[in-house]
Each structure stands twice: as structure tokens, then as C-alpha cells.
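# Close look at the chain arrangement
The primary structure of each chain is shown beneath.
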Amino acid sequence: MVSGASKKKKKKAAAALSLAGPTSSLLKAVYTRLANTLHAQFGLVLVQNKEKGRYCRAPPQGFEPGRVLLEEEAYIWGNGHAEWCLECDTPSHASPACPRIRASYPPSIVPLLPAIENWMMEDLERVQSLDRARAWIKALIRLRAETKEGMATAGEKEKEGGGWLDPLWALTACNLEQCLQDARKLAHKFPRLLPSPPSSPSSPSAASIAVAGRLLALLNTNSHELEELGPGSGLFLHACLLEHSCLPNCAFATYGTKLRLVSLTAIPPNGSLSIDYANLYYSPGAKGGREGGREGGGRGEGGGREWARKQGKKGKRGWATKTFVHVTRSIPCSLTLSRRATGPPSGVLRLFLSMRGLPRPSARPVPCFSLPCLSFSTASSLLPRLQSPGCEGGVVCPFGDEEEGREGRPHEPSVPTRWRCLRCMREASPTEIAAFQAAEEEILGAESEDEGSDEDEERGDRRKEEKEEEEGEEKGGKEGERVDEGKVEAVEEEKVDSLLRTLPLVHPTHFAVLNAVESTAHRLIRDPSSQSVRYWERVLTIVNEGLSDLYPPPGGKGYAHHPELAILLDRVAQVKASAGDTEGARQCWAAAYQCASLLTGPNWVPTIDLRRLAEDPPSTREEVLSYYNEREKILNQISDDMKEEKMVGKHSIELDWKALKVRLGSEESRGALETQGMVILDNAFGETGAKAMREEIVFLAERGLMTPNQTRFGPHEVRKPFIWEADMHDPLLRARVPILGSLLEREALTEGLTPALPPGLGGLRRGMKGRALKVQRNGGGGGSFAWHYDNPGKGSQRRLTCLLYLNPGWCQEHGGELVLQPFLEGSPTVIAPLMDRMVIFRSDAMLHRVMPAHHERYCLTVWLDGDHNVNSERDLQLRFSSAEAADPEVLARKLRFSPSQRLVSRAVYAEEYQKSLRECMAGDTPGAKEMLAAHDDHVQAVKQNPAMQALVETLRKLKKGAGDVGMNM
Ligand SMILES: O=C(O)CCC(=O)C(=O)O
Ligand SMILES: [Fe+2]
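This structure is a prediction, so every number in the text was calculated from the model and none was measured.

### Section: the overall build of the protein chain
When helices and strands are tallied, the protein chain shows 32 helices and 26 strands. Evaluated residue by residue, the protein chain yields a buried proportion of 58% over its 969 residues. Expressed as a percentage of contacts within the protein chain between residues at least 6 apart in sequence, the contacts between residues at least 24 apart total 75%. For the protein chain, the accessible surface area stands at approximately 38,900 Å², while carbon and sulfur atoms represent 52% of it.

Next comes the structure, spelled out in C-alpha cells:
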């Protein structure tokens, strides 16, 4: 029996929590919880800034590109499959028939669900799709339940860390007023969907209507598109806290109801994380106006969602867009230099650009053709000048804006009012700008002329075609149309190219050109011919060139570091396979996989799918259609495989240890180790064994069981970009990959190599404690290791390093060679990381590095400890007699196999170390500066000592062929 007084109290508490909006203490608690989770789970920092509002920033160590920064499940989602249940998203039953729905939804509502959804989409201004209607319905059901519960347990809720609705209060909600109107209509039409007092269930209070309106507004403002859900959309509590940028440093990948955030560029220490809400990656928007305006100082909603969809999102591989961007006005975003580049005089700008490694052309580049003293009146009067450009090769781009800093919206995309050549720095005159814009208009006009005036409708058609293409829903009567389409294309390409010739006021990578070629390519998608392949290749080239300027390919090779490239490569692969070019298709899928895996990590279902396509590509149009038709099933299968841990016991093979042992301990190995300091053994385990080991590493990578490399460098903890590792000392890990596990568990390597050790080195330590096994995946993208010793000194007992490479089909373009530099000894030995190749050398006396890899690369490293005498006092000092000192050749011979070389190698090979460190930490990767500084400090410290300095100078003269590429193996 509840007393009247306590009833009243609880009622009041519930009102404060759920209906009248959050109390300030609740809000504070919610923020703190979000910030704590972000920090504890992902190492991200939530900032509340008066000017910028709320945003997320990197920790003090920053992030390297291609890093998975965050992964989370949708807090609430809505699917777009009309016939499927809104809670289980399965085709087996519709919502009203679902036992789960019947158990938890109000009985008066269940049968009405389809009608409510339809009504919402048709009659409510702010509900524009099924998934949004469904997400809102779900939220309202929770609101009802929670309001009821809240009345009984408000106090407890606060203690426990809050109710389901609470975190939502921390999110921005735009267009509240319109959403409130929709909520009012809903309260009138379906009152039972909203919480209301038990006494009058069909008259929801104003407070509950306000909350319902707010829920819709925040769903609209914060949701991300979820492609596999129909497409649907989801609200991600943490991911939605990121700010917008037209040149974002992060991108999303989604799969099912999961989202992953990855860094597109190196993110400086404490740098803020941004995404492009509109996902306009390359185009400043339709008809030259970027429709990226936002309302309410935060995020808009509504039209942009549909607009984004009409861009042909369907069929893309789960890279999310924010789904809301409201089209408030046509705003051409400068999509170019940092806003900070605005304003300063050109000298300062030049310095700024050079410091930042810019210039970076935008999506709207025009060639620089001008001479400073010209005045122009029309575009045509510019043309003669084009033949002798005043600034050869210069590219003029829009940058900055005058509207910047509009009150309360300092970071909003805005109108670029200034254009500047990134080469000669000259700023374009208003007349020139008008001419550029007229040329843009003309090309965009050329593109849309044939499409009829309703561009949106056309886009919708294109999307439909694409859908049919990719889902194999071919209808009759297509053959005849195809011929017509072919005609249209030919005219169009000609038109665009001739415009480019006669009106070369835009650059060939300008988005207007892309739009034109892309629309042609889209229309040809059903025509599996070499002609459509050619169009798609042209699209690929333009996008890659444009994006490569903004997101340079990691390691400088291949495709831009951007999700759009993975999507595009996948599409080009489909077109190629359909046209019968199986090998071309395979290469595109392989490139798509490479690109995607750098951005999602390998353990992401759609990325694994790309790998499988590359390994076993469909080879006819029918196969392509049926594959993509079945794609949902295939992805589910991959996902199930991942859950089921299929690898355990998959291979019951035993590695052939016996044969290997004999080869390891042979006279030949012993001789090679003694005289050359290294052993190279090809076909170490044989084809079956090597293949099985490779599969196990792939398994580890795909399950997310490998972690980003972590390297201690003096006082610094740094990460080598693109390198993932797993330490096999973990018995649980070994149990999942038993063959790899046996490399650590078995004594064979230790026993085999003991007789190969040069005299005086003692033996090897037996047992697992005397060994370590590191599994390494290099994602490509330029991942490398700088010069180093595996045993850098005291504390390490490592005697021998055994590397095993598992890269079938390696070729020179893949890079990633191991380079060994016997101290002072001629030029280094370059070793290709071939499948089943084993390389053995002394951990404490072999300077080595790994060249940047441009292709995925797998390597196992086994370190074998010595049984005694590793890093003895003598090894850690430099001692030589005066006779030795007098004869540098003698000195060199002495140091050649001596671990003492480690004391001076950094100073002797100073430049090589520095260069390799730069390569390894690619550009401005966090920690790079510190590593380089620590290296310089070390070299300086050695030079402080006059005796050492003299020795170093002598040795530097002795080193031969430094930096050369020597013997190739
Ligand atoms: O990846 C390789 O080839 C060697 C890696 C290496 O040198 C190391 O992990 O210490
Ligand atoms: Fe190493």
C-alpha cells in the first residue's frame, strides 16, 4: 500500500525526469557519463566549448590515420523494410505478428502499427521515411514504459545510472517547433502512443507531447544512415557528438546496427574529430551549391536526408552518412583550405601553406591562367590568356569566406568569396570568380540538359536502376532502352569534353566534370560493355585524383585514403566483371579491400566480403547480379562465421617440424649465420602448412584479435601506422589458432637452431619462457619499421630472431621488404617477404628495417632467448686496444658481429635512421616528432663525448654503400 504523500513525491520526481525535460543535475550526470565512457572505452575527450558547442577531441598523443577510434551499437534504430518487424528486423514476420512486440507493446497499439507508420510518413512533415517513423514509435513506447516506471522508481533510477531516456537529453535537437507540431498531431490521432494519466488515456499532457516532439527532433538531428536496414537509421550516443567539417578528419563505416569511426588523416594531439554530415566527399553539392547549411547552431534535419539518399547511397557498402543535413539555403562550401588560412597577407599564407604541406586543391579547382595586371569583363575575354598561362600548372581554389564567424556558428560551411592560386598565391578578381562560376554552371547545365529539368527525379531513377542492377531485380523491356541510353551517353561525353576544351575554366578534376561523367556512367551501368567500363574508370580516376589531394594515399601509392574509393572500386569491379573482365574486376576488388581494410580494420563484415570477392570474383554479369542479390545473406554468413569461431580445429594438420629441424641445424645454416649473420630458408613449412598458418592470421585479423602496434621509444609510447600485432603468449589466443600456437609451444625451433649458433654464443633457452611469438599484420598503406635491433640492450635476453613470411603472390609493387644491414658491411641485403620464407639472424647484432608495404603483409616473428651470456657487460661497452683503434679495418671487423655496435649504430647511420623513422611514422603521425627528436638527442649525446665522436667519424667513413639497395633476395 503506497501512502498518498509518497505517491505525490514520486509523481513529482517522474515529471522532473521524463516529461518536463531534464533537471540540471540529471543533465550534468548524463554528460559526465557520456564523457567517461568516451574516455574510458575509446580514449576520446568530450569538450564543452562556449563557441563551438560540444565536440570530441583526440587525447594528447593524437591519432594516426586509419585508426579505429570508436565502435558502438545503435542506441535506437529504425529499419526500412516495410514487411519486416520493427523490433527484430527479420523477414519472417511483420510487426503486429511478432510475439516480442505483443509482449511489450500496448495491446491497443500493436494491430495499428502499420497504419501508424503510414500515417506518420504521409501526414507528418518531420517524418519522411519508414525507418524514422519506426525509430520514433520505439522511442515513444520506451517513453510510455519509462514514465510509468519512473513514477515508481525515479529515485532509484538516478542511483543506478539513469533510465533509458536519460542520455538522450544530452543531444542536440533541431527544428523543435516543427517536431512539436507533429507530436501534437500524433497526440490527436493516436493518443495512446503517448504517456498519459491512467484516468484519461486519450488525452496526453502537454508535457508528454513536448517530450515526444523532442524525441523526434533529436532522432532527426542525430541519426546515421544504416544501409543494411533497408536502409534504416540509427542513433549512436557517442558517435553523434562529433562536429561537422567539409574536410573531415574521420569517417564512419556501418554494418547492421553497428558503427565504426576511423581516422582519415593523422589527428594532431588534442585535435578535434570531425565528420562530414552530408557525406559530400567530393562534390560541393548539386548545381554548384553545397547544400550543407545547418540550423539551430547544431544540426539541421529533414530535406538533406532524402537528398543524401537520392545521391545513390543504396548499394554502397555501409559507409554512413549523417542523415539529416537540412537544406536551408544553397551554400557552396569552400571545401578547401583550413579556414585559418583566411585573412593573413599572402606572405604569411604562403608560409602557412608550406608549413602544413599544402597546397591542397579543393573539389572546385580551376586552372590559374591570370597575369596580375589583367582586367576581365567576360569569360570569353579570358580565353586567349589560357594559351599562355601566367602561372603554369597553378590551381585556383575557393577558400575562406566572409560569412565566417556568423554569430554562434563559427564552424559552419559558408560561401567562399575568395579564390586564390595555390601556386602563385594571386587572388582572383570578382570578374574572374564570376567567370569560373559561369563555367561551372555551364558544365553542370550540360550534364542536366539531357536529364530533363527535374534532377531529383532523375537521381531517383538512377538509384532505382542501380538498385535493380545490384539487386538483380531486372524487369522486362530493358533491352530496347539500353540502346537509347547508349546514344545519350555518347552525346554527353562529347559535350563535356568539348566544353572542357573550349571553356577550360575548370580543372579536369572539378566536381562539375565528375558529375557529368558520373551521371553518364550511372546510366550505362546496365550495359555491361567496354564502354561502360571506360566511363567508370574515368570516374575512378577523377575521384581518386581529387581525393588524393585531400586525403593522400598512405605511403603515397595507390588510392586516396577515403571510403568513397572503396565504394567506387567495388562498383567498378562489378562493372568490369559484368563486362567479362574478370582479372580487372579482381584487381579492383583487391584494391577496394585494401582501401576498406585500412579504414575499418580487417575485422569488419563488409570489408571481409570485399576480400572474399577479390579471392573468388564472380565472372559473369549473372554471377555479379546473383552475388549482390544474395549479399545480405552473404554478409550474415560472414557475421555468423565470426561469431562461431570457426577456426578452432579447422586444420588438424601437424607442421613438418622434422624436416625443418634438420635444415635449421645443418652445416649450411651454421655457416650462413656465422659468416653472413643471416639464414634464409625458403619453403620452410611447405605449402599446406604455410597456407594454414596464413589462414589463422587472417582469422585473428578478422576477429579483431590483433591490436595496433605499440612501440616504446625512450619515454614515448608510439604507434606505427597500419601495423597490427598479437602476442601469442596468451593461451586463449593460442587455443583459437592452434597451428600458430604450436610455433611457440614446440621446442623444434629452439632445438633446431641450437647447433647453428656460432661458437661462443652458448645455447638457447628451452621452454616457452625462453621464446616469444608475435603475429604481425601490416595493412599496407605504407606501414613500415624503422632501423632497429630486436635486442637493443639490457633487459632483453633475445639471441635469435626467426621471421616467417606468409604472403603469396608478393610482387615488387607490394613493397614491405626486410632489409638487413650487417654493421659497416657494404650495402644492405633486401629480402622479399615471400610465402613460407624464413629469415634468421642475431637479435643483438643485426641492424634491420622493413620497407613501406603497399599491400597487406603478414609476418610471424619468433624470438629465441639465449641460455646465458646475452648482453654481458662486455656487450654493453665499447672496448678496443690502441692497435685496433689505429686500424679502422680491424675495428670494423671486430664490431661486425659484436653487439657493442648498438652503442654507436645510431650515430654512424644517423641519416638512415632518420629517414626510416620518417617513413615509418608517415608525415605528421602522432609521436613522429618525438621519435625524431629522441633520435637526434641520442646522436647528439654520443657526439658530446669527444672519444666517441672521433670513433663515430672513423666508422662513418668505413660504412659503405649506406642507403644503397644491395643484394636482392
Ligand atoms: O616484419 C618484419 O619483417 C620484421 C619485423 C621486425 O623487425 C620486428 O618486429 O622487430
Ligand atoms: Fe625487428
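### Description of the side chain of Ser 95
You can see Ser 95 is positioned in the loop between strand S4 (76–78) and helix H3 (99–104). According to the relative accessible area criterion, Ser 95 is buried, its value standing at 4%. At 3.1 Å, the side chain of Ser 95 forms a polar contact with the backbone nitrogen of Leu 86. Every residue in contact with Ser 95, bar those within four places of it in the chain, is listed here: Trp 84, Cys 85, Leu 86, Ile 101, Leu 113, Glu 117 and Arg 134.

### A word on the sheet that holds strand S8 (residues 250–255)
Taken together, the three strands give an open sheet; going across it, the order is S3-S9-S8, and neighbouring strands pair in antiparallel fashion. Of all the strands in the sheet, the pair left with one neighbour each is strand S3 (68–73) and S8. Pairs of neighbouring strands in the sheet enclose a mean axial angle of 20°, with direction left out of account. Pairing geometry for S3 and strand S9 (residues 258–263), over five bridges, is antiparallel. Following the sheet pairing, Val 68 is matched in S9 by Val 262.

### Observations concerning the pattern of salt bridges
Enumeration over the complete set of coordinates arrives at 30 salt bridges. Salt-bridge contacts for Glu 87 lead to Arg 100; the nearest nitrogen and oxygen are separated by 3.6 Å. One end of the pair, Glu 87, is in the loop between S4 and H3; the other, Arg 100, is in helix H3, with 13 residues separating them in the sequence. Close ionic contact of Arg 849 with Glu 919 constitutes a salt bridge, the shortest N to O distance being 2.7 Å. Of the two residues, Arg 849 is situated in strand S25 (residues 847–853) and Glu 919 in helix H30 (residues 910–920); the sequence distance between them amounts to 70 residues. By relative accessible area, Arg 849 is classed as buried at 4%. Each of Arg 611, Glu 615, Glu 702, Arg 777 and Glu 856 takes part in one network of salt bridges that share partners.

### Section: the site of ligand 1
Near ligand 1 you find 13 residues, and of these Lys 774, Gln 776, Asp 790, Tyr 805 and Arg 857 are the closest. For ligand 1, an oxygen atom lies 2.8 Å from a polar atom in the side chain of Gln 776. Within the side chain of His 848, a nitrogen or oxygen atom sits 3.0 Å from an oxygen atom of ligand 1. Relative to its unbound accessible surface of 290 Å², ligand 1 loses 97% to contact with the protein. Contributions of two or more residues to the shell around ligand 1 are made by strand S19 (771–778), strand S20 (783–788), strand S21 (798–805), S25 and strand S26 (857–865). The element best represented in the shell around ligand 1 is S26, accounting for three residues.

### Let's talk about the packing of helix H28 (residues 888–896) against helix H32 (residues 946–958)
Helix-helix packing: each pair is described by the crossing angle between the helix axes and the interaxial distance. Look at H28 against H32: their axes get within 10 Å of each other, and the N-to-C directions meet at 85°. In terms of their interaxial angle, H28 and H32 are classed as roughly perpendicular. Packed against H28, whose contacting residues are Pro 888, Glu 889, Leu 891, Ala 892 and Leu 895, the element H32 presents Leu 951, Thr 954, Leu 955 and Leu 958 at the interface. Tallied by class, the residues present in the contact of H28 with H32 amount to seven nonpolar, one polar and one charged.

### Re the nonpolar core
Met 120, Trp 136 and Leu 273 are the most contacted members of the largest nonpolar core, which totals 76 residues. Setting aside its immediate chain neighbours within four residues, Leu 273 contacts Leu 44, Cys 56, Arg 57, Ala 58, Leu 69, Leu 242, Glu 243, Asn 249, Cys 250, Leu 261 and Ile 267. Judged by nonpolar contacts, the second largest core, of 63 residues, contains Leu 444, Leu 500, Trp 536 and Cys 588.

### Structural notes on helix H7 (residues 206–222)
With 17 residues, H7 extends 24 Å from end C-alpha to end C-alpha; this agrees with the ideal 24 Å at 1.5 Å per step. Summarising burial for H7: 13 of the 17 residues are buried, a large majority.

### Observations regarding the state of the cysteines
Applying the stated rule across the entire model yields zero disulfides. Considering cysteine sulfurs only, Cys 179 is the nearest to Cys 174, which forms no disulfide, with 9.1 Å between them. We classify Cys 174 as buried; its relative accessible area is 3%.

### Concerning the pairing of strand S24 (residues 837–842)
Most of S24 is tucked away: six of the six residues are buried. Side chains Arg 837, Val 839 and Phe 841 of S24 all project onto a buried face; the interleaved residues Met 838, Ile 840 and Arg 842 project onto the opposite face, where all are buried too. Bridge count between strand S14 (residues 678–681) and S24: four bridges; the pairing is antiparallel. Across the sheet, Val 679 pairs through a bridge with Ile 840, a residue of S24.

### Examining unusual backbone geometry
In this chain, Gly 230 is followed by Pro 231 through a cis amide linkage whose omega measures 0°. Position of Pro 231 relative to the elements: it lies in the loop between strand S5 (223–226) and strand S6 (232–235). Residues other than glycine seldom take positive phi values, yet Asp 89 does so here, at roughly 50°. On the secondary structure map, Asp 89 appears in the loop between S4 and H3. In this structure, Asp 836 takes a positive phi of about 70° despite not being glycine. Considering the arrangement of structural elements, one finds Asp 836 in the loop between strand S23 (829–831) and S24. Residue class for Asp 836 comes out buried when judged on its relative accessible area of 4%.

Parameters at a glance
Residues numbered from 1 in each chain as written. Chains lettered and ligands numbered in written order. Predicted model: local features only at pLDDT ≥ 70, side-chain atom pairs only at ≥ 80, totals over all residues. Heavy atoms only, no water. Helix = DSSP H or I, 4+ residues; strand = E, 2+ residues; numbered from the N terminus. Buried < 20%, exposed > 50% of the residue type's maximum accessible area, 1.4 Å probe, protein only. Contact = heavy atoms within 4.5 Å. Areas by Shrake-Rupley, 256 points an atom, 1.4 Å probe, with all protein chains shown as cover. Polar contact = N/O pair within 3.5 Å; in protein donor to acceptor, adjacent residues only side chain to side chain. Pairing = 2+ DSSP bridges. Axes fitted to C-alpha atoms, helices over the stretch in contact; angles between N-to-C directions. Salt bridge = Lys/Arg side-chain N within 4 Å of Asp/Glu carboxyl O. Near = heavy atom within 4 Å. Parallel < 35°, antiparallel > 145°, perpendicular 65-115°, else oblique. Nonpolar A, V, L, I, M, F, W, Y, C, P; charged D, E, K, R; others polar. Core = buried A, V, L, I, M, F, W, Y, C linked by side-chain atoms within 4.5 Å. Expected span 1.5 Å × (residues − 1). Disulfide = S-S within 2.5 Å.

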